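One letter stands for each residue in the lines below.
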Amino acid sequence: EGLLTIDGNDDHRIFKVRARVELRNLTLTRGRAARGGRDSDGGAIYQDSPGLTLVNTTVTENHAERWGGALFGSYSGELVLIDSTLSNNTAGSAGGAIFTNIDLNLIRSTVSGNSSGAHGGGIILSGGTTTLTNSTVSGNNASQGGGGIQHSGSELVLNYSTVANNVA
């Protein structure tokens, strides 16, 4: 596919983003956030920035001890996924793929096969607006609630999207 693969070797988080960043044509795999506190969030990416955009990027087989197996979006800005896939990521507590409290936009993207030890097997949003356009959230699992999406933000918008076969 011509994608560059960045492998965290099941040892460390792959990126901590502190500026507006766009990542394209990547595979981020086997990142691990398990060092306590905020270092336990965001297995592949911890976003503490005005914005993060992933384009044609696959984020797979990452783990966070606490929140956001693949991605953790923190406190400001927005998280945008375009033509991207988040699959087979795990979080010990919440947000198997994504845990965020900022605006989240998925465009032609897929969140599948992720799991969490408590809430939001696929996505958990605790603030902001979630918008899915031509996207799919399926086959995710949470042990307590929100198998596919657990949303307590301001608005959830689904445009031509599928949320199916998730379990909680």
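Residues numbered from 1 in each chain as written. Predicted model: local features only at pLDDT ≥ 70, side-chain atom pairs only at ≥ 80, totals over all residues. Heavy atoms only, no water.

K.L.:
Hey, could you go over the pattern of salt bridges for me, with residue numbers and the actual values?
P.N.:
Applying the stated criterion to the full structure yields six salt bridges. Among the ionic pairs, R30 bridges to D7, the shortest N-O distance being 3.0 Å. Of this pair, R30 sits in the loop between β4 (26-29) and β5 (32-33) while D7 sits in strand β1 (residues 4-7); the two residues are 23 residues apart in sequence, bridging distant segments of the chain. (Salt bridge = Lys/Arg side-chain N within 4 Å of Asp/Glu carboxyl O. Helix = DSSP H or I, 4+ residues; strand = E, 2+ residues; numbered from the N terminus.)

K.L.:
Explain the packing of aromatic side chains to me, and be specific about the residues and the numbers.
P.N.:
Scanning all chains against the criterion turns up four aromatic pairs. When the ring of W67 is compared with that of F72, the centres are 6.2 Å apart and the planes differ by 20°; the resulting orientation is stacked. For W67, a relative accessible area of 25% corresponds to the partly exposed category. Among the aromatic residues, those joined into a cluster by ring pairs are Y46, W67, F72 and F99. If you follow R66 out to its NZ or CZ, it ends over the ring of W67, 4.2 Å from the centre. (Phe/Tyr/Trp six-rings, centres within 6.5 Å; stacked < 30°, edge-to-face > 60°. Buried < 20%, exposed > 50% of the residue type's maximum accessible area, 1.4 Å probe, protein only. Lys NZ or Arg CZ within 6 Å of the ring centre and 35° of its normal.)

K.L.:
Can you break down the sheet that holds strand β14 (residues 98-100) residue by residue, with the values?
P.N.:
Taken in spatial order, the six strands of this open sheet run β2-β6-β10-β14-β18-β22, and their pairing is parallel. Edge positions in the sheet fall to β2 (15-17) and β22 (149-151), since each of these pairs with one other strand and no more. The average angle at which neighbouring strand axes cross in this sheet is 5°, direction not considered. (Pairing = 2+ DSSP bridges. Axes fitted to C-alpha atoms, helices over the stretch in contact; angles between N-to-C directions.)

K.L.:
Describe the sheet that holds strand β24 (residues 162-164), naming the residues involved and giving the relevant values.
P.N.:
An order of β1-β4-β8-β12-β16-β20-β24 is seen for the seven strands of this open sheet, with the pairing classed as parallel. Every other strand in the sheet has two partners, leaving β1 and β24 as the edge strands with one partner each. Averaged over all pairs of adjacent strands, the angle between their axes in this sheet comes to 5°, without regard to strand direction. One ladder, built from three bridges, connects strand β16 (residues 110-112) with strand β20 (residues 136-138); its direction is parallel. The partner of V111 across the bridge, within β20, is V137.

K.L.:
Could you give an account of the pairing of strand β15 (residues 103-107), with specific residues and numbers?
P.N.:
Alternating residues of β15 divide into L104 and L106, all buried, and D103, N105 and I107, none buried. One ladder, built from four bridges, connects β15 with strand β19 (residues 129-133); its direction is parallel. If you follow L104 over to β19, its bridge partner there is T130.

K.L.:
Requested: an account of unusual backbone geometry, with residues and values cited.
P.N.:
Located in the positive-phi region is E61, a residue other than glycine, with phi close to 60°. Positionally, E61 belongs in the loop between β8 (58-60) and β9 (63-64). With phi around 50°, Y160 is a residue other than glycine that occupies positive phi space. Its place among the elements puts Y160 in the loop between β23 (155-159) and β24.

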